[in-house]
Amino acid sequence: MKAVTISPPSDVDVVLPCLNEAGALPWVLARIPARWRALVVDNGSTDDSAEIARSLGATVVHEPRRGFGAACHAGLTAATAEVVCFCDCDASLDPALLVPFVEEIRGNEADLVLGRRRPHGRAAWPAHARAGNLALARMLRRRTGLRLHDLGPLRAARREQLLGLGLTDRRSGYPLQMVVRAADAGWRITEHDVPYLPRTGASKVTGTWRGTWQAVRDMSRVLRETPVRAGSAR
Ligand SMILES: Nc1nc2c(ncn2[C@@H]2O[C@H](COP(=O)(O)OP(=O)(O)OP(=O)(O)O)[C@@H](O)[C@H]2O)c(=O)[nH]1
Ligand SMILES: [Mg+2]
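Residues numbered from 1 in each chain as written. Chains lettered and ligands numbered in written order. Predicted model: local features only at pLDDT ≥ 70, side-chain atom pairs only at ≥ 80, totals over all residues.

Student: Which parts of the structure should I look at to understand the overall build of the chain?
Tutor: Counting its secondary structure elements, the chain contains 8 helices and 7 strands. With respect to the three principal axes, the spread of C-alpha positions in the chain is 65 × 40 × 30 Å. Evaluated residue by residue, the chain yields a buried proportion of 43% over its 234 residues. Long-range contacts, defined here as pairs at least 24 residues apart, represent 77% of the contacts in the chain between residues at least 6 apart. (Helix = DSSP H or I, 4+ residues; strand = E, 2+ residues; numbered from the N terminus. Buried ≥ 20, exposed ≤ 12 C-beta atoms within 10 Å, placed from the backbone. Contact = placed C-beta atoms within 7 Å.)

Student: For this particular structure, what's the right way to read the environment of Trp187?
Tutor: Relative to the helices and strands, Trp187 is located in the loop between helix 7 (174-184) and strand 7 (189-196). Residue class for Trp187 comes out buried when judged on the 23 C-beta atoms lying within 10 Å of it. Taking C-alpha positions, Trp187 is 7.6 Å from Ala110, a pair spaced 77 residues apart along the chain.

Student: How do you make sense of the site of ligand 1 when you look at a structure like this?
Tutor: Near ligand 1 lie 19 residues; those nearest to it are Asn43, Cys89, Ser203, Lys204 and Val205. Listing elements by their share of the shell around ligand 1, those giving two or more residues are strand 1 (12-18) and helix 3 (68-78). Its residues placed into classes, the shell around ligand 1 shows 7 nonpolar, 6 polar and 6 charged. (Near = placed C-beta within 6 Å. Nonpolar A, V, L, I, M, F, W, Y, C, P; charged D, E, K, R; others polar.)

Student: Got a minute to help me understand unusual backbone geometry in this structure?
Tutor: For residues besides glycine, phi is generally negative; the peptide bonds are generally trans as well. The residue Ala91 is not glycine, and still its phi comes out positive at about 65°. Summarising the element assignment, Ala91 is placed in the loop between strand 4 (83-86) and helix 4 (99-106). In this structure, Asn108 is a non-glycine residue whose phi angle is positive, near 60°. Tracing the backbone through its elements, the reader meets Asn108 in the loop between helix 4 and strand 5 (112-119).

Student: Just checking my understanding: could you explain the environment of Gly115 for this structure?
Tutor: Counting through the fold element by element, Gly115 comes out in strand 5. Taking the C-alpha atoms as reference points, Gly115 and Asp90, separated by 25 residues in sequence, lie 16 Å from one another. If sequence neighbours within four positions are ignored, Gly115 has contacts with Leu93, Leu97, Gly152, Leu154, Arg155, His192 and Val194.

Student: How should the pairing of strand 2 (residues 37-42) be read in this particular structure?
Tutor: Each regular strand carries side chains that alternate between the two faces of the sheet. Burial within strand 2 is extensive, with 5 of its 6 residues counted as buried. For the crossover that starts at strand 1, traverses helix 1 (residues 25-30) and ends in the parallel strand 2, the hand is right-handed. Direction of pairing for strand 2 relative to strand 3 (residues 59-62): parallel, over a ladder of 4 bridges. Paired with Val41 across the strands is Val61, a residue of strand 3. Read from strand 2 through helix 2 (residues 49-55) to strand 3, the crossover connection turns out right-handed. (Right-handed = clockwise from strand over helix to strand, strands pointing away. Pairing = 2+ DSSP bridges.)

Student: Would you take a moment to explain the nonpolar core for this structure?
Tutor: One broad trend across soluble globular proteins is that nonpolar side chains are buried collectively. Core analysis: the largest hydrophobic core is formed by 66 residues, its most contacted members being Val14, Val15, Leu16 and Cys85. In terms of residues, this core owes the most to one element, helix 7, which gives 7 residues. Residues in contact with Val15, not counting those within four places in the same chain, are Leu39, Val41, Cys72, Gly75, Leu76, Ala79, Val84, Cys85 and Phe86. (Core = buried A, V, L, I, M, F, W, Y, C linked by C-beta atoms within 7 Å.)

Student: Sorry if this is basic, but what is going on with the UniProt feature "domain: Glycosyltransferase 2-like" (unreviewed entry) in the chain here?
Tutor: Per the UniProt record, the feature "domain: Glycosyltransferase 2-like" (unreviewed entry) sits at residues 14-145. End C-alpha atoms of residues 14-145 are separated by 29 Å, and the span's content is 38% helix alongside 20% strand. (UniProt positions renumbered as here; feature names shortened; annotations may be inferred.)

Student: Any chance you could explain the packing of helix 5 (residues 127-144) against helix 7 here in plain terms?
Tutor: How two helices sit against one another is set out by the angle between their axes and by the gap between those axes. Where helix 5 meets helix 7, the axes come as close as 10 Å, and the angle between the chain directions of the two elements is 25°. Accordingly, the angle class assigned to the pair helix 5 and helix 7 is roughly parallel. Crossing handedness for the pair helix 5 and helix 7: right-handed. Packed against helix 5, whose contacting residues are Leu140, Arg143 and Thr144, the element helix 7 presents Val179, Val180, Ala183 and Asp184 at the interface. For the contact of helix 5 with helix 7, the per-class residue count stands at 4 nonpolar, 1 polar and 2 charged. (Axes fitted to C-alpha atoms, helices over the stretch in contact; angles between N-to-C directions. Parallel < 35°, antiparallel > 145°, perpendicular 65-115°, else oblique. Left-handed = near helix turned anticlockwise from the far one by under 90°.)

Here it is as C-alpha cells:
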C-alpha cells in the first residue's frame, strides 16, 4: 500500500501582496524560511506572477478587488498558521529578516513587530516618500502616543489577534490602520531595523504622484477614525 504523507501545517504564513511582480518573485520566494508557507495574493496581475509563484511552490490566493489592503486582508483570511507575517513582493525587503520578528511574537515579548526601513542606496526610497513616512510617524505619535519611526510593510503578529482588529481599509491605509487599532487595543508594538533595497520592476506607489497622493488620502482618513475597542492584547 502506498504511504500517504500528510504535510504538517506550516509554522508561519507569509502574506505576499502581488500585483505584476513576475521579475521579483523568484528572489522573494527563495528567501522564505524553511517550513514557512508563502501565500502570494495575486491582485489581478496581467503578467505571469500567479504561474511563477505556483511553480516556485507558493500557495496562490486570488483577490480581484484592487488595493494593497484588499490583497493583504485576503492573505490574512486565507492564512491558517498561528503567526502571520507580511512582506512586499517587489524584492525590496528580504522575508528571511522575519525570523527574529516571529521569535519575538512566539516568546510573548511583543504583539506586533514592525520593520523600520533603512534604505540601501538613493533609489530604494525617494526623498518625498521618506519625508511623508516621517510625518506620518509623528501624526501617529500624536494620535496614539506610539514612538515609531516607520510604518513599513514587513511585519509579524498572531493571526487571531490580527483578525480581532476588524480592519476595514482595503487600500493604502491598511498598514496604518493595523498599527493604530493595535495601539488602541494596548498591544506591545516593537520596531527592528531592516535594509530596504531598490525594488525590482516598475514602481506603483512611491514612485508615482498618483500613488503617493492616494496613499496620503487613505492614511489621513485612518488617522481621523474614532478609536474602536477591538482585539485587545492577550
Ligand atoms: N500599489 C499596489 N500594490 C499592490 C496592489 N496589490 C498588491 N500590491 C503589492 O503590494 C506590494 C507593495 O506595493 P508597491 O507597489 O511595492 O508599493 P510601494 O513599496 O509603496 O511603492 P513602490 O515600490 O515604489 O511601487 C507589492 O508587492 C505590490 O505588488 C495594489 O492594488 N496596489
Ligand atoms: Mg515597494
